Amino acid sequence: MNKVSIVVVGAGQRGGAYSDYISRHPDEAEIVAVCEPRDEARQWFSSLFSIPADRQFRSWEDIIDMPKLADAAFICTQDAQHKAPAIALADKGYHLLLEKPMAPTPEDCQAIYDAAIRNNIMLAVCHVLRYTQFNRKLKELLDRGIIGKVHSIQLIEQVGYWHQAHSYVRGNWRNEAESSSMLLAKSCHDIDLLNYLMPSKCTKVSSFGNRSYFSRENQPKGAADRCTDCPSTVESLCPYSALKIYMKDTRGFSDNLESLKAWPVAVVSTSGTREGVLDALRTGPYGRCVFACDNDVVDHQVVNMEFEGGATAGFTMCAFTAGCGREIYIMGDQGSLRCSEGDIQHLDFLTDKVTTVPFADSDGSITSGHGGGDYFIVKDFVAAVRDNDPSRITSGPDVSLESHLIVFAAERARHNATVEKINPASTGK
């Protein structure tokens, strides 16, 4: 078996998540170079994969004028930094695994799509929900016609109150101008999942949502703008306190060294110590009061979709839930599937019997690698590159561009209080 060689562009949390497959299967692929501007992160990643010094770069631009270093590249930079490396590396002939979203604007998504088609390279967008064993099972059941024709799907994404505070109030995806909309940053792969499960194309979309809670007017009386400065009488009553989320053992992030190196604490500080985390909370963005940040993304949103033939789908994203996860209710004319990740209940209308579909899977939260999706997308991408078989990639440029166009239309609908028609991608479903 020929090993697939890979350059990793962006050695942060997502770069590490996708590279984990390579560490588990060194016989299938190897990481031969890394591009990462942060010295500490670059050095740590290089030591993990034994990357020589002359293959450690601060920027993807450093390798553009060099001979091609690898078969493929993982692009795991921040959302707004996807377009330039994706196009440049596609022009060099690298196959691409691209973190979602493709880019923050439809024009940039189209440019990435065009570069992939123009250069005849394989592009796998990290719509990882397509790759979980759970969702593949759902797709198989629907394709078999187990509930007849699908007429409606309801999908609920439970973001988790602490995850919202971490990533979308204090974190990198809190502000649309700096990253993208919440729907694009967090939920574009949920819209993609609906597009994957429904056999026809989406034709119209509407949406409603806003930031209703995480704003200055809801800051408790007497609260400080930083959790480390907040009076204990106020801080102890706040479920969103950074001290609660990062410093206490509420959700399993305890004092031990391993938990301090795990996500999300490792995003706050790479020190691996309580002192390092506390210092970061005193001075960095993750110690800010959630009611005193520069966030403007929504904390809840609904999206309604209509498909060819009249089928409909509804998506709800909400921050105010106990944990991460998804629930799906799929309704057909011969039965229904009521699902939470790891459990599928099938109701047969003819017999009125409810049966549990035999299935074993992990949960779908980000802490479990999106229910195995992070693992299996890399597995399939590596196999596709190794065997020159694009069919192994179910989130290729065609369907990924189509899903992104639906997201952009939904955001236009939310901002303008309209029902938006979808201009379908120039490719098939």
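Residues numbered from 1 in each chain as written. Predicted model: local features only at pLDDT ≥ 70, side-chain atom pairs only at ≥ 80, totals over all residues. Heavy atoms only, no water.

Asker: Explain the sheet that holds strand β2 (residues 29-35) to me, and be specific about the residues and the numbers.
Answerer: If you trace the 6 strands from one edge of the open sheet to the other, you get β3-β2-β1-β4-β5-β6, paired in parallel fashion. Edge positions in the open sheet fall to β3 (56-57) and β6 (123-125), since each of these has one partner strand only. Relative to strand β4 (residues 72-75), strand β1 (residues 4-9) runs parallel, the two sharing 4 bridges. Note on β4: the bridge partner recorded for V7 is A73. Against the sheet, helix α2 (residues 39-49) engages β1, β2 and β3, with an angle of about 160 degrees to β2. (Pairing = 2+ DSSP bridges. Helix = DSSP H or I, 4+ residues; strand = E, 2+ residues; numbered from the N terminus. Contact = heavy atoms within 4.5 Å. Axes fitted to C-alpha atoms, helices over the stretch in contact; angles between N-to-C directions.)

Asker: A description of the packing of helix α5 (residues 106-119) against helix α16 (residues 397-416) should follow, citing residues and the corresponding values.
Answerer: Two numbers describe how α5 lies on α16: the axes approach to 10 Å, and their chain directions differ by 175 degrees. For the element pair α5 / α16, the angle class is roughly antiparallel. Between α5, through P106, C109, Q110, Y113 and I117, and α16, the contact on the second element is made entirely by P397, D398, L401, H404, L405 and F408. Across the contact of α5 with α16, the residue classes tally to 8 nonpolar, 2 polar and 1 charged. (Parallel < 35°, antiparallel > 145°, perpendicular 65-115°, else oblique. Nonpolar A, V, L, I, M, F, W, Y, C, P; charged D, E, K, R; others polar.)

Asker: Account for the environment of G171, with residues named and values stated.
Answerer: Mapping G171 onto the fold places it in the loop between α7 (161-169) and α8 (182-185). Note: C-alpha distance between G171 and I146 (25 residues apart in sequence) is 42 Å. In this view, G171 contacts A165, H166 and Y286; residues no more than four positions away in its chain are not counted.

Asker: Give a description of the packing of aromatic side chains that names residues and reports values.
Answerer: Throughout the structure, instances matching the rule amount to 15 aromatic pairs. A centroid spacing of 5.9 Å and a plane angle of 85 degrees characterise the contact between Y213 and F320, whose relative ring orientation is edge-to-face. In this pair, Y213 sits in the loop between β8 (202-210) and α10 (232-235) while F320 sits in the loop between β10 (312-318) and β11 (325-332), placing the two residues 107 residues apart along the sequence. The class of Y213 is partly exposed, set by a relative accessible area of 31%. On the accessibility criterion, F320 (36% relative accessible area) is partly exposed. Across the ring face of Y94, the terminal group of K68 is positioned such that the distance to the ring centre comes to 5.7 Å. (Phe/Tyr/Trp six-rings, centres within 6.5 Å; stacked < 30°, edge-to-face > 60°. Buried < 20%, exposed > 50% of the residue type's maximum accessible area, 1.4 Å probe, protein only. Lys NZ or Arg CZ within 6 Å of the ring centre and 35° of its normal.)

Asker: Break down the pairing of β2 for me, citing the residues and quoting the values.
Answerer: Counting buried positions over the 7 residues of β2 gives 5, a clear majority of the element. Between the parallel pair β1 and β2, the chain is carried across by helix α1 (residues 13-24), and the sense of this crossover is right-handed. Inspection of the sheet shows β2 paired to β3 by 2 bridges, in the parallel sense. By the bridge assignment, C35 is partnered in β3 with F57. The β-α-β motif built from β2, the intervening α2 and the parallel element β3 has right-handed crossover chirality. (Right-handed = clockwise from strand over helix to strand, strands pointing away.)

Asker: Summarise the side chain of H189; cite the residues concerned and give the values.
Answerer: Relative to the assigned elements, H189 resides in helix α9 (residues 188-197). What makes H189 buried here is its relative accessible area of 2%. One polar contact links H189 to R326, side chain to side chain, over a distance of 3.4 Å. (Polar contact = N/O pair within 3.5 Å; in protein donor to acceptor, adjacent residues only side chain to side chain.)

Asker: Would you mind going over the sheet that holds strand β9 (residues 300-307) in detail, with residue names and values included?
Answerer: Read from one edge to the other, the open sheet built from 9 strands follows the order β14-β13-β12-β11-β7-β10-β9-β8-β15, with strand pairing classed as mixed. Both edges of this open sheet fall to β14 (353-356) and β15 (420-421), since each of them pairs with a single strand only. Across the sheet, helix α6 (residues 133-144) touches β7 (150-158), β11, β12 (335-340) and β13 (343-348), and the angle it forms with β12 is around 180 degrees. Most of the contacts of α9 go to β7, to which it runs at about 160 degrees, and overall it touches β7, β8, β9, β10 and β11.

Asker: Explain the packing of α6 against α9 to me, and be specific about the residues and the numbers.
Answerer: The interhelical angle for the contact between α6 and α9, taken along N-to-C directions, is 25 degrees, at an axis separation of 10 Å. The orientation of α6 with respect to α9, classified from their angle, is roughly parallel. Together, N135, R136, L138, K139 and L142 of α6 and L193, Y196 and L197 of α9 make up the contact between the two elements. Of the residues that constitute the contact of α6 with α9, the class distribution is 5 nonpolar, 1 polar and 2 charged.

Asker: Which residues make up unusual backbone geometry, and what values go with them?
Answerer: Of the consecutive residues K100 and P101, the connecting peptide bond is found in the cis state with omega at -10 degrees. Note that P101 resides in the loop between β5 (95-98) and α5. You will see that D352, though not glycine, has its phi angle at about 60 degrees, which is positive. Its location among the elements puts D352 in the loop between β13 and β14. Despite not being glycine, A417 has its phi angle at roughly 55 degrees, a positive value. Structurally, A417 can be placed in the loop between α16 and β15.

Asker: Can you explain α16? Please cite residues and give values.
Answerer: If you check α16, its first and last C-alpha atoms are 28 Å apart, about what 20 residues at 1.5 Å a residue would give, namely 28 Å. Where α16 ends, the next residue or the one after it, A417, has phi of about 55 degrees, a positive value. (Expected span 1.5 Å × (residues − 1).)

Asker: Give a description of the pattern of salt bridges that names residues and reports values.
Answerer: Between side chains of opposite charge, a pair can form when the charged atoms approach closely. Scanning the model with the defined rule gives 28 salt bridges in all. D39 serves as the salt-bridge partner of R42, at 2.7 Å between the closest nitrogen and oxygen. On the criterion of helical spacing, the pair formed by R42 and D39 is a turn pair, its members being 3 residues apart in helix α2. Look at R42 and you get buried, because its relative accessible area is 10%. Across the salt bridge formed by D294 and R174, the nearest N and O atoms sit 2.5 Å from each other. Residue D294 is found in the loop between α14 (274-283) and β9, and its partner R174 is found in the loop between α7 and α8; the two are separated by 120 residues along the sequence. D294 sits in the partly exposed class, given a relative accessible area of 33%. Connected through salt bridges with shared partners, the residues E157, K186, D190 and R326 form a single ionic network. (Salt bridge = Lys/Arg side-chain N within 4 Å of Asp/Glu carboxyl O.)

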